[in-house]
Amino acid sequence: MYLGLDLGTSGVKALLIDVRQTVIGSGHASLDVSRPHPGWSEQNPADWIRACEEAIAELNASYPGQLAAVKGIGLSGQMHGATLLDAGDQVLRPCILWNDTRSHAEAAKLDADPRFRNLTGNIVFPGFTAPKLVWVKNNEPDVFAKVAKVLLPKDFLRLWLTGEHVSEMSDSAGTSWLDVGKRGWSSDLLSATSLDEKQMPSLVEGTEKAGALRSELASKWGMQAGIPIAGGAGDNSASACGMGTVAAGQAFVSLGTSGVLFAANATYLPNPESAVHTFCHALPGTWHQMGVILSATDSLNWLSEISGKGAGALTAELGDTLKAPTGVSFLPYLSGERTPHNDSAIRGSFTGLAHETGRTVLTQAVLEGVAFAFRDSLEALAKAGTTLTRVTAIGGGSRSRYWLKAIATALGLPVDIPADGDFGAAFGAARLGLIAATGADPLRVCTAPATDATIEPVAALSNAYADAYQRYRLLYPAIKAATA
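Residues numbered from 1 in each chain as written. Predicted model: local features only at pLDDT ≥ 70, side-chain atom pairs only at ≥ 80, totals over all residues. Heavy atoms only, no water.

A. Quick peek at the overall build of the chain. Helix and strand counts for the chain stand at 17 helices and 24 strands. For 484 residues, the compact-globule formula gives about 23 Å, and the C-alpha radius of gyration of the chain, at 22 Å, lands near that figure. Expressed along its principal axes, the backbone C-alpha trace of the chain runs to roughly 65 × 50 × 40 Å. Each of the 484 residues in the chain was classed as buried or not, and the buried ones make up 58%. Within the chain, residue pairs in contact and separated by at least 24 positions form 72% of the contacts whose partners lie at least 6 positions apart. With the model as given, the accessible surface of the chain reaches about 18,000 Å², and the carbon-plus-sulfur share is 51%. Charged side chains in the chain number 38 positive and 46 negative. The centres of these two groups are separated by 1 Å. (Helix = DSSP H or I, 4+ residues; strand = E, 2+ residues; numbered from the N terminus. Rg over C-alpha atoms; globule rule 2.2 N^0.38 Å. Buried < 20%, exposed > 50% of the residue type's maximum accessible area, 1.4 Å probe, protein only. Contact = heavy atoms within 4.5 Å. Areas by Shrake-Rupley, 256 points an atom, 1.4 Å probe, with all protein chains shown as cover. Lys, Arg positive; Asp, Glu negative; His and termini not counted. Charge placed at Lys NZ, Arg CZ, Asp CG, Glu CD.)

Next comes the structure, spelled out in structure tokens:
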């Protein structure tokens, strides 16, 4: 057996697979987010340990004795969080999470230093780790003075599991301290934030061994002591391992609360000006790019809340046949936008409304707006040298065939729907645990699931969608100018 542990923002999932990669079962425990001030988002790292214990206990209760057969463990987790430890590995303050925007001024100042984009291949976003440490230095100097180690969330779990300070390339690429092309910490970037490499964890590849399970925990869970724990991955890279999106040209579109267009790359292809993320992948010698939409299914959920009708019912009203755009456009910038604008202040809008505009037209515009936001990411990836021929759809929004038809037509690409199964971050983490424990070929382990169906672009509407996308593209600068 192999165990994947995924530390998300809303909970911890423990997933057990066998040597044939059949999912045996899973356990889950919930987490809450603290928002003590506007723009703040924090969690207590002790809650991660509590949730991990609860998830494993649930798995143990449902599948008694199975954990005794575990030969490897993999970790995945929410990226960018700043977990600050003193010299005795005690947590100094709540972890500042990926969706915390308090360090926007610090991020802008770091981003103005050309070394950051040159070495990391990315804009310094407020959600990344480095600007958070500068914020702590400026606002909590007593805490900053005690920082002995900075760990990402999943790597704090690793410390608890193994006693080791270790991270891996995919997660560390989101800190703004990693030389992403060379896959190593940059002393220059650390120095620019008044830190040094001694305060960072050591680095391994996601497929390598990165510690062994402590005997105390092994005894508690009925497992073998010394089980290898893989380097693991940040959540999107782990999901890519679960989906088999690991070779150049492979891609998925994730239609969740936020949206991600993820492409695997065999080489380092940075293009920070487009607000595309260029990170190391979890497999050695590979990288990936991501376009990120901040409000994907969140846009439909917003319409659902104000219309008083469920999201599924809203999309059902549209039927199965894709309709031509109506002239009503929607910008899905309800909480700002990442790719391609890097604009945390911009907000969403409807344009083209008329007396006859009804609920179904608004729903159609929301689905099209998110599809066009994915098209923006596709264009940004193309500028960075990545050409896609098809994508696989994952996430809750992919249950809507209408939405997938809109995305396929907006992108001009076929969209594959995987057969039923659990291919998320916890599954990817379990695969990495298998590779670390057995030395198996990562490309033979991280294969793609079977395709249940393929949604082709609707050729008869390609021109209408192209025209609607051009209208959509003109709206951002107009709204930006009107609200500046």
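Still more to cover.
B. The arrangement of the packing of helix 1 (residues 45-62) against helix 6 (residues 153-162) in detail. Contact pair helix 1 / helix 6: the axes reach a minimum separation of 10 Å and the direction vectors enclose 65 degrees. Classified by the angle their axes make, helix 1 and helix 6 are roughly perpendicular. Regarding helix 1 and helix 6, the two cross each other, and that crossing is right-handed. Note on element contacts: helix 6 touches helix 1 through Pro153, Phe156, Leu157 and Trp160, opposite Pro45, Trp48, Ile49, Cys52 and Glu53. Partitioning the contact of helix 1 with helix 6 into residue classes produces eight nonpolar, no polar and one charged. (Axes fitted to C-alpha atoms, helices over the stretch in contact; angles between N-to-C directions. Parallel < 35°, antiparallel > 145°, perpendicular 65-115°, else oblique. Left-handed = near helix turned anticlockwise from the far one by under 90°. Nonpolar A, V, L, I, M, F, W, Y, C, P; charged D, E, K, R; others polar.)

C. Structural view of the environment of Leu159. In this fold, Leu159 is placed in helix 6. Overall, Leu159 belongs to the buried group, its relative accessible area being 9%. Put simply, Leu159 and Gly211 are 52 residues apart on the chain and 8.8 Å apart in space, counted from C-alpha to C-alpha. Look past the residues within four positions of Leu159 in its chain and what remains in contact with it is Leu85, Asp89, Leu151, Glu164 and His165.

D. Looking closely at the nonpolar core. With 64 residues, the main nonpolar core has Leu84, Leu133, Trp177 and Leu432 as its most contacted residues. The dominant element in this core, judged by the number of residues it contributes, is helix 15 (residues 425-438), at eight residues. Leu261, Ala263, Leu367 and Ala373 belong to the second largest nonpolar core, which has 53 residues in total. (Core = buried A, V, L, I, M, F, W, Y, C linked by side-chain atoms within 4.5 Å.)

E. Structural view of the environment of Thr363. Here Thr363 shows up in helix 13 (residues 359-383). Thr363 sits in the buried class, given a relative accessible area of 0%. For Thr363 and Gly256, which are 107 residues apart along the polypeptide, the C-alpha to C-alpha distance reads 17 Å. Discounting chain neighbours no more than four positions away, the residues touching Thr363 are Leu300, Leu303, Leu314, Thr315 and Leu318.

F. Summary view of the pattern of salt bridges. Inspection of every chain in the model, using the stated rule, returns 24 salt bridges. With its nearest N and O atoms 3.7 Å apart, the salt bridge here joins Lys309 to Glu317. Overall, Glu317 belongs to the partly exposed group, its relative accessible area being 29%. A salt bridge links Lys480 to Asp343; the nearest nitrogen and oxygen atoms lie 2.9 Å apart. You can see Lys480 sitting in helix 17 (residues 462-483) and its partner Asp343 sitting in the loop between strand 20 (329-331) and strand 21 (349-351), a full 137 residues away along the chain. A residue is classified by how much of its surface remains accessible, and Asp343, at 6% relative accessible area, is buried. (Salt bridge = Lys/Arg side-chain N within 4 Å of Asp/Glu carboxyl O.)

G. Layout of the side chain of Asp100. Turning to its location among the elements, Asp100 is positioned in the loop between strand 7 (95-96) and helix 2 (104-111). According to the relative accessible area criterion, Asp100 is buried, its value standing at 1%. At a separation of 2.8 Å, a polar atom in the side chain of Asp100 contacts the side chain of Arg102. For Asp100, the contacting residues outside a window of four places in its chain are Gly39, Trp40, Ser41, Pro126 and Gly127. (Polar contact = N/O pair within 3.5 Å; in protein donor to acceptor, adjacent residues only side chain to side chain.)

H. Seen up close, the layout of surface pockets. There is about 210 Å³ of room inside the second largest pocket. What lines the second largest pocket is a set of 15 residues, among which Gln250, Ala251, Thr392, Asp416 and Ala448 lie closest to the centre. Here the lining of the second largest pocket is built from residues that sort into six nonpolar, seven polar and two charged. (1 Å grid on protein atoms, 1.4 Å probe; cavity = no way out; pocket = protein on both sides within 12 Å on 5 of 7 lines; lining within 4 Å. Points joined across faces, edges and corners; volume = space filled by probe spheres on them.)

I. Main features of the packing of aromatic side chains. If you walk through the whole model with that rule in mind, you get 16 aromatic pairs. Both rings, one in Phe128 and one in Phe279, keep their centres 6.0 Å apart while their planes meet at 50 degrees; by these two values the pair is tilted. With Phe128 in the loop between helix 3 (114-120) and helix 4 (129-139) and Phe279 in strand 18 (residues 277-280), the pair connects residues that are 151 residues apart, well separated along the chain. The same class applies to Phe128 as to Phe279, namely buried. Ring centres of Trp302 and Phe330 lie 6.1 Å apart, and the angle between their planes is 15 degrees; on these two criteria the pair is classed as stacked. (Phe/Tyr/Trp six-rings, centres within 6.5 Å; stacked < 30°, edge-to-face > 60°.)

J. The pairing of strand 1 (residues 2-7), seen in detail. Burial of strand 1 is extensive: six of the six residues sit out of reach of the surface. In the sheet, strand 1 pairs with strand 5 (residues 72-77) via six bridges, with the strands oriented parallel. By the bridge assignment, Asp6 is partnered in strand 5 with Ser76. Counting the residues in the hairpin turn of strand 1 and strand 2 (residues 11-17) gives three residues. (Pairing = 2+ DSSP bridges.)

K. Structural detail: the pairing of strand 22 (residues 391-394). Here strand 22 shows no split at all, with Val391 and Ala393 on one side and Thr392 and Ile394 on the other all buried. Relative to strand 22, strand 16 (residues 251-255) runs parallel, the two sharing three bridges. Across the sheet, the residue bridging to Phe252 is Thr392, located in strand 22. Across two bridges, strand 22 lies against strand 23 (residues 415-418) in parallel orientation. In the strand pairing of strand 23, Val391 is matched with Val415.

L. Representation of the state of the cysteines. Inspection of every chain in the model, using the stated rule, returns zero disulfides. Cys52 takes part in no disulfide bond, and the closest cysteine sulfur to it belongs to Cys95, at a distance of 16 Å. On the basis of relative accessibility, which here comes to 0%, the residue Cys52 falls in the buried class. The thiol sulfur of Cys241 is not disulfide-bonded, and the nearest other cysteine sulfur, from Cys446, lies at 4.4 Å. (Disulfide = S-S within 2.5 Å.)

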